[in-house]
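One letter stands for each residue in the lines below.
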Amino acid sequence: MRRFLAALLLSIPAAAAQAHDGEPADTPLRVVGHAPPPTAGGRTVDDATLARTPRRTAEDLMGLLPGVYVVQHGSEGKGHQFYVRGFDALHGADVEVRVEGLPINEPSNVHGHGYVDLGFLVPELVLGLEATKGAVDVDQGDFGTAATVDFTVGVPRAERGHRLIYQVGTTGRQRAVGVWAPRDADERTAAAVEVVQDDGYGAERAHRRGAALGQATLWRRGRARLEVLGAAHHAVFGLPTAVRVEDVEAGRVSALDSYAEGLNGGASRLLGAVRFDGGDRDWPIVAQLWAQHRRLRLDENFTGFLGDAVNGDRHLQRQRAQAVGLRLRVQNAPVHALRLHLGLSGRSEHVAQAQEALDTAGRPVGVDRDLTFWQHHGALALGARWRPWRAVRLAGGARVDVFGFDVEDHVTARAGTDALVQVSPRLQLTAWPGDRWTLLAAAGRGLRSPEARAVVGPKGPVEDVSVARDDGGAAAVTVSDHVEAGLRYEPVDGLLFGAGVFGVQIDRERVFDHVSATNVEQGATRRVGLELEAQYRPAAWAVLSVDATVVDARFTADDRPVPGAPELLVRADATVVHPSGWSGTVGALVLGERPVAYGATAAGATVLDAALGHRQGDWRVDVEVENLLDTRWYEGAYHFASWWDRDRPRSVLPALHGFAAAPRQVRLGVTWWL
Amino acid sequence: MRALRCLAALVACAACGGEDDEAVRVPVQVVVAEDPLGTATTDLGYAVTVEQARVVVVDMAFTQGGEMHASLTHPLSWLLGVAHAHPGHTAGGEPTGELPGRHVVRWPAGGALGEGVALVGRYDGADFGFGRAEAADGVMPDDPLFDHTAHLRGAAEKNGRRWTFQLILDQDDERRVVGAPMPLQVTEGAPPTIAFHLYLVDPIEGDTLFDGVDFAALDADGDGDVTLSPGESASNRVRRGLQSHEHFGFSERK
């Protein structure tokens, strides 16, 4: 490896010199301006920042969105945990994620409702990233209780051409990517294959994965176009345990350690979609059909021997799911200044999932869960956009979501079916009181389906288990009510200031708690917050942005803070893609203290990432540094009981646990356009 | 220059990120309530007075909110599945206070059970398991409680007749009482004393610990003395009552 690195380093100046002698450097990357978002909380990340920001996975790019905090509490390959606007969205329970309109959240996933795994999304093929925070647009669907994030696939014009990328980094990371992006094709036509191997920055974090993703236009005539998308992904990865902060502080373990060895996981996906864009100017139509096969296996232990002092609490979760879905969107403008749209979507999925208890050697010692089920989701969205005056635009409508379940529990020998309906109104107002001012206001209701397991859970109080608060009850849809208002001001071209306030109320948050395996009434919560942003483009080749989100999230009944959600999140990025071929970015994340359950607190952190690159002709060299300041902090902090050291007394008291963030990581990449 | 200043400010912020702080832990004294156990009138019309009740309990845990999933060794784990904590769990119900160890609880004699610890917060319930009395608990082999879980002694009266009784019962080792009411606010700087109660009458539903026990029928020799041993039908009725959170409670002793 050392020899290879040396050869690589020696080859860089030679390649650069060759480029100097040959063709001039390519024109700089297009830096997309900040398109006026339809809502105060809406954000679009420009493609230059997407391309230049140091990242390991597509999920890392979600951290560029203001107010979104992304945590990996396993290792690369496992789904991430998301925090948005005061929501602990777990693995995706409150964040709807779509890629080219395809729903990525996995309802009723064995590991977490709405589980999001973007392992198939090769970062080089992320053309656009857009967030709609709050639930204010009629197209936002299941899991959009806090926000919806949309990825688009493709390669921007300046990056087009077939290319090979090889990246090496600390922790023995090697990553090879091949990108197919014909220069004469549109930005959406591209494909990539990615292979990654990494020893990981801490114990039990090694991983290997491969992904292939492609999108191409098969047929085009006039406005009509038929497009296909295909993806395949496979990953195997280690799974560390969380470490007790008190053990780290006492020097018994390092923050990057794991109490257990051999825990691991695997994930794979096959995805195919066909999209038709057609109709005419008055009746544009988009129709999409998709199918997916998905497997997930997670062998984890978070609590040591707390539950089972002999065998330990290691458990294996397995899931296999096949899903098909469709999406149809039709628009029409019956009169001037009024545009109507109708959206239809459907999804049917068959899932087999199980959870086995394992002993420390990985042998099964019991079956905790064994379910097979069908789950269906259909939605009808009706919306209208009306511009009664030149300076005012109203958009609104409602959606009806229907969920159906047919569940068989092979452990309890229970079976059940259920159907639920939810109506969600949405409204947006945009006004332009002056050429450089935009007023934005919106309100709406977001929703989250219940887990399939809830259908066969206890329907009422379980004798000798509940005192008063929880009444069991039937599966129900969780809804969140949002309101927001904002102002944007562009004093001169290229300079933008924005400010917004938001409020979220959840009257009756009901979750299927996988600790108790029953429905749990969490009570009402409310979130109020402030979002500020500024963006400056001093030149066509540079963009600076900073945003801050302050949120106060609390349980209404007793004013306790909602655990885990950061109260302050600041993100600052400076990206340069100069015509000389130099490019670079510096990004800073400032994370405030995080309240954790029952009064514990996780420290905040300031983390800097940076990247520098130079393109000369068909070659580019990039150096990425993640966590430039080598800040030591817990990316994920939790408060629960565990018992790992059996020489010490068992205690059921929760203690602060953490998953350490990556220490400083340096990666060197070489790109060759063929 | 301005950009450099901003960068410096951000770097400086790295040093003011605060610290990881564990939740505040408060010592709590747990004692046995000294109130007389009183008299309960059963569904069969017996007025039952318990003079002394002794129960061996183990590993008390105090919980905040969402009592449904308090215990990792859930009494209904065969039905509900094994619980595994997981990062991100915030639904409540986890134990946040405890008094570990074995304790022979004597009502109404009272006495201290020990010093536990609890996190600051509002408590709703308590869980505990059962054990069998041993010499190490101060229970000698000639004591009727020895090698058993509970021993109750008292009298029952009906229609002018009176029976004295002794009741001995056992509970399974894995059995736990979950969600015994414990309305209590634990605050920093004011360590509370918690009194452990046994209720002959369920304060919510009104049923009694001795419902269904027909003392007259159990007094086969008519001498007015009834002894109920583990496994007997009448003993099992009381045993079921003592498995329920409804006959236990915790309160703050002012």
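Use the structure listed above.
Residues numbered from 1 in each chain as written. Chains lettered and ligands numbered in written order. Predicted model: local features only at pLDDT ≥ 70, side-chain atom pairs only at ≥ 80, totals over all residues. Heavy atoms only, no water.

Colleague: Please explain helix α4 (residues 233–241) of chain B as it appears in this structure.
Modeller: Each α-helix turn comprises 3.6 residues. Residues three or four places apart therefore point the same way. Residue and element names in this part refer to chain B. Those residues of α4 lying buried are A234, S235, V238 and G241. Down the axis of α4, the smallest arc covering the buried residues is 115°, so these residues share one side. Turned more than 90 degrees from where α4 packs its buried face, S233 and R240 sit exposed. (Buried < 20%, exposed > 50% of the residue type's maximum accessible area, 1.4 Å probe, protein only. Helix = DSSP H or I, 4+ residues; strand = E, 2+ residues; numbered from the N terminus. Arc of directions from axis to C-beta.)

Colleague: Even after reading the chapter, I still don't get the sheet that holds strand β5 (residues 95–99) of chain A, so can you show me in this structure?
Modeller: All names here are of chain A. Pairing is mixed across the open sheet formed by 5 strands, whose spatial order is β1-β7-β8-β5-β6. Looking at the sheet topology across the chains shown, the edges are occupied by β1 (43–45) and β6 (102–103). Pairing of β5 with strand β8 (residues 147–153) involves 5 bridges; the strand directions are parallel. Counted as the bridge partner of V95 is A147 from β8. (Pairing = 2+ DSSP bridges.)

Colleague: I keep staring at the pattern of salt bridges and nothing clicks. Help me out?
Modeller: Any two side chains of opposite charge can pair, on the condition that their charged atoms come close. Residues and elements named next belong to chain A. The full count for this structure, using the stated rule, is 55 salt bridges over all chains. Linking R98 and D150 is a salt bridge whose minimum nitrogen-to-oxygen distance equals 2.8 Å. Within this pair, whereas R98 is found in strand β5, its partner D150 is found in strand β8, the two being separated by 52 residues in sequence. D150 shares its class with R98; the two are buried. Across the pair D552 and R554 runs a salt bridge, and its minimum N-O distance is 3.0 Å. Relative accessible area serves as the criterion here: at 25%, D552 is assigned to the partly exposed category. (Salt bridge = Lys/Arg side-chain N within 4 Å of Asp/Glu carboxyl O.)

Colleague: When you look at the sheet that holds strand β2 (residues 68–71) of chain A in this model, what are you seeing that I'm missing?
Modeller: Backbone-to-backbone hydrogen bonds join strands into a sheet, with any given pair of strands oriented parallel or antiparallel. Residues and elements named next belong to chain A. Overall, antiparallel pairing links the 3 strands, which are arranged β2-β3-β4 in an open sheet. In the strand order of this sheet, the two ends are held by β2 and β4 (87–88), each with one partner. Bridging between β2 and strand β3 (residues 81–84) involves 4 bridges; their strand directions are antiparallel. By the bridge assignment, Y69 is partnered in β3 with Y83.

Colleague: Mind showing me how you'd approach the packing of aromatic side chains here?
Modeller: Centre-to-centre distance and the angle between the planes together describe a pair of aromatic rings. Using the criterion set out here, one finds 21 aromatic pairs over all chains in the structure. Relative to B:F250, the ring of B:F196 lies with its centre 4.4 Å away and its plane at 5°, an arrangement referred to as stacked. Of this pair, B:F196 sits in strand β10 (residues 193–198) while B:F250 is found in strand β12 (residues 248–252), placing the two residues 54 residues apart along the sequence. Exposure remark for B:F250: the relative accessible area of 2% places this residue in the buried category. Ring centres of B:F210 and B:F215 lie 6.3 Å apart, and the angle between their planes is 40°; on these two criteria the pair is classed as tilted. Given a relative accessible area of 1%, B:F210 falls into the buried group. Ring pairs connect the aromatic residues B:F62, B:W107, B:F128, B:F130, B:F196, B:F248 and B:F250, which therefore count as one cluster. One residue, A:R85, lies across the ring of A:F502, its end atom 4.1 Å from the ring centre. The lysine or arginine in question, A:R646, covers the ring of A:F305, its NZ or CZ lying 3.6 Å from the ring centre. (Phe/Tyr/Trp six-rings, centres within 6.5 Å; stacked < 30°, edge-to-face > 60°. Lys NZ or Arg CZ within 6 Å of the ring centre and 35° of its normal.)

In short, geometric facts, not functional conclusions.
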